[in-house]
Structures are given as C-alpha cells and as structure tokens.
Amino acid sequence: MSAATDIAYGRVVDVSLPFEGAVEATIRALEAEGFAVVTDFDIQASLQKKLGETFRPYRILGVCNAQLARAALSVEPQLGLLVPCNVVVQEIDGRVIVSAIDANLIVQTVRNRSLEHVAADANARLKRALNSIAR
C-alpha cells in the first residue's frame, strides 16, 4: 500500500509515527478541519477486558463537524443513525495506518442527493486531515 490509497469505502494512509503518536496527530489534524472526536473506542482494550484476548492496537474515532451535521440533519432527520463519521487508527504488522470513511456511502445509503454537497465537504476535510499526517 502506498502512502495514501482510496478503497471502496474510504481512504487509507500510512503514517511514520508510533501508534499513540498517530492517534494524537490524527486528532489534531481532524480538529484543524473542524471535526471533534465525539467517541473513542479502543478495540484493543475492550477485547482484553471483555474477552481476555490480545489484539493489535486499534482505535475507532467517531468524528463530527457540527456545521456539516446540522446541514445533513436538516435535510435527513434520521441521518443520526449513520453518523458520526469513523476514522480508524490501527497497527498492522508494525505499520501504523489511519483510515476514514467515504461520506458518499451515507448519501448512497439514504438515497438523498440533497446530501451530496455535505458529503463532498466532509470528504474533502477528511482527505486533507489524512494527507497531512501521511508518510
């Protein structure tokens, strides 16, 4: 995988930081683009606690941009079922990668073209955030 790759449901970037540093850098980059981290799910800690299993470092950050959320929820009141947008920081075989959802999936799911401009704005912001931390 190169430094940045688009996949069917998001964007993935390699980072040259240790895991915790990547989490911090990702949060700062997202905040610079107007996102707030509203959830932080530590999969590694959860699986250890609930199942007693060891898992690689893996954090799911639920992020939200208040302006975009207001615009989207004004058009599609039940959209809260599909947000916040997820950003994942994980370590695989010694590599740290960060990925973000493609907000167009939300538009496709609800089949409301009025959301296209909101998804485009969210994607542009997420892409800039990820690109700013890419190797």
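Above this note sits the structure.
Summary of the structure given here. As the structure is a prediction and not an experimental result, all values here were calculated from the model.

## Some details on the nonpolar core
So, step 1. Residues V63, V87, V89 and V98 are the most contacted members of the largest nonpolar core, which totals 21 residues.
So, step 2. For this core, the leading source of residues is helix α1 (residues 19–32), giving 6 residues.
So, step 3. Once you skip the residues sitting within four places of it in the chain, V98 turns out to touch R11, V12, V13, V15, T26, V87, V88, V89, L130 and I133.
So, step 4. If you look at the next biggest cluster of nonpolar residues, it comprises 10 residues, including A72, I106, V107 and L115.

## A few points about the pairing of strand β1 (residues 4–7)
The two faces of the sheet receive side chains in turn, since in a regular strand these alternate between them.
So, step 1. Of the strand pairs in this sheet, β1 and strand β2 (residues 10–15) are connected by 4 bridges, and their pairing is antiparallel. Bridge assignment links T5 to a residue of β2, and that residue is V12.
So, step 2. Hairpin connection, β1 to β2: the antiparallel pair is bridged by 2 residues.

## Let's talk about the sheet that holds β1
In a beta sheet, neighbouring strands pair by backbone hydrogen bonds and run either parallel or antiparallel.
So, step 1. Strands sit in the order β1-β2-β6-β5-β4-β3 across an open sheet of 6 strands; the sheet is antiparallel. Single-partner strands in this sheet number two, and they are β1 and β3 (36–42). Neighbour to neighbour, the strand axes of the sheet diverge by 20° on average, direction disregarded.
So, step 2. Taken together, the 6 bridges between β2 and strand β6 (residues 95–101) define a ladder with antiparallel strand orientation. Residue V13 lies in a different strand from β6, and its bridge partner there is V98.

## Some remarks on the environment of T5
So, step 1. For T5, the location among the structural elements is in strand β1.
So, step 2. Between the alpha carbons of T5 and L47 there is a distance of 28 Å; along the sequence they are 42 residues apart.
So, step 3. Those residues in contact with T5, other than ones at most four positions away along the chain, are G10, R11 and V12.

## Considerations on the side chain of E76
So, step 1. Tracing the backbone shows E76 in the loop between α3 (66–75) and β5 (85–92).
So, step 2. Looking at E76, its side chain comes within polar contact range of the side chain of N112, at 2.8 Å.
So, step 3. Setting aside anything within four residues of it in sequence, one finds E76 in contact with V110, N112 and L115.

## Digging into helix α2 (residues 43–51)
So, step 1. Measuring from the backbone nitrogen of Q44 back to the side-chain oxygen at the start of α2 gives 3.2 Å, which picks out D42 as the cap.
So, step 2. In the segment just after α2, G52 is the residue with positive phi, at about 70°.

## A word on the packing of aromatic side chains
So, step 1. Inspection of every chain in the model, using the stated rule, returns 1 aromatic pair.
So, step 2. Note on F55 and Y58: the rings are 6.1 Å apart at their centroids and 55° apart in plane angle, and the pair reads as tilted.

Rules and cut-offs
- Residues numbered from 1 in each chain as written.
- Predicted model: local features only at pLDDT ≥ 70, side-chain atom pairs only at ≥ 80, totals over all residues.
- Heavy atoms only, no water.
- Core = buried A, V, L, I, M, F, W, Y, C linked by side-chain atoms within 4.5 Å.
- Buried < 20%, exposed > 50% of the residue type's maximum accessible area, 1.4 Å probe, protein only.
- Helix = DSSP H or I, 4+ residues; strand = E, 2+ residues; numbered from the N terminus.
- Contact = heavy atoms within 4.5 Å.
- Pairing = 2+ DSSP bridges.
- Axes fitted to C-alpha atoms, helices over the stretch in contact; angles between N-to-C directions.
- Polar contact = N/O pair within 3.5 Å; in protein donor to acceptor, adjacent residues only side chain to side chain.
- Phe/Tyr/Trp six-rings, centres within 6.5 Å; stacked < 30°, edge-to-face > 60°.

These results come straight from atomic positions and should not be treated as a statement about function.
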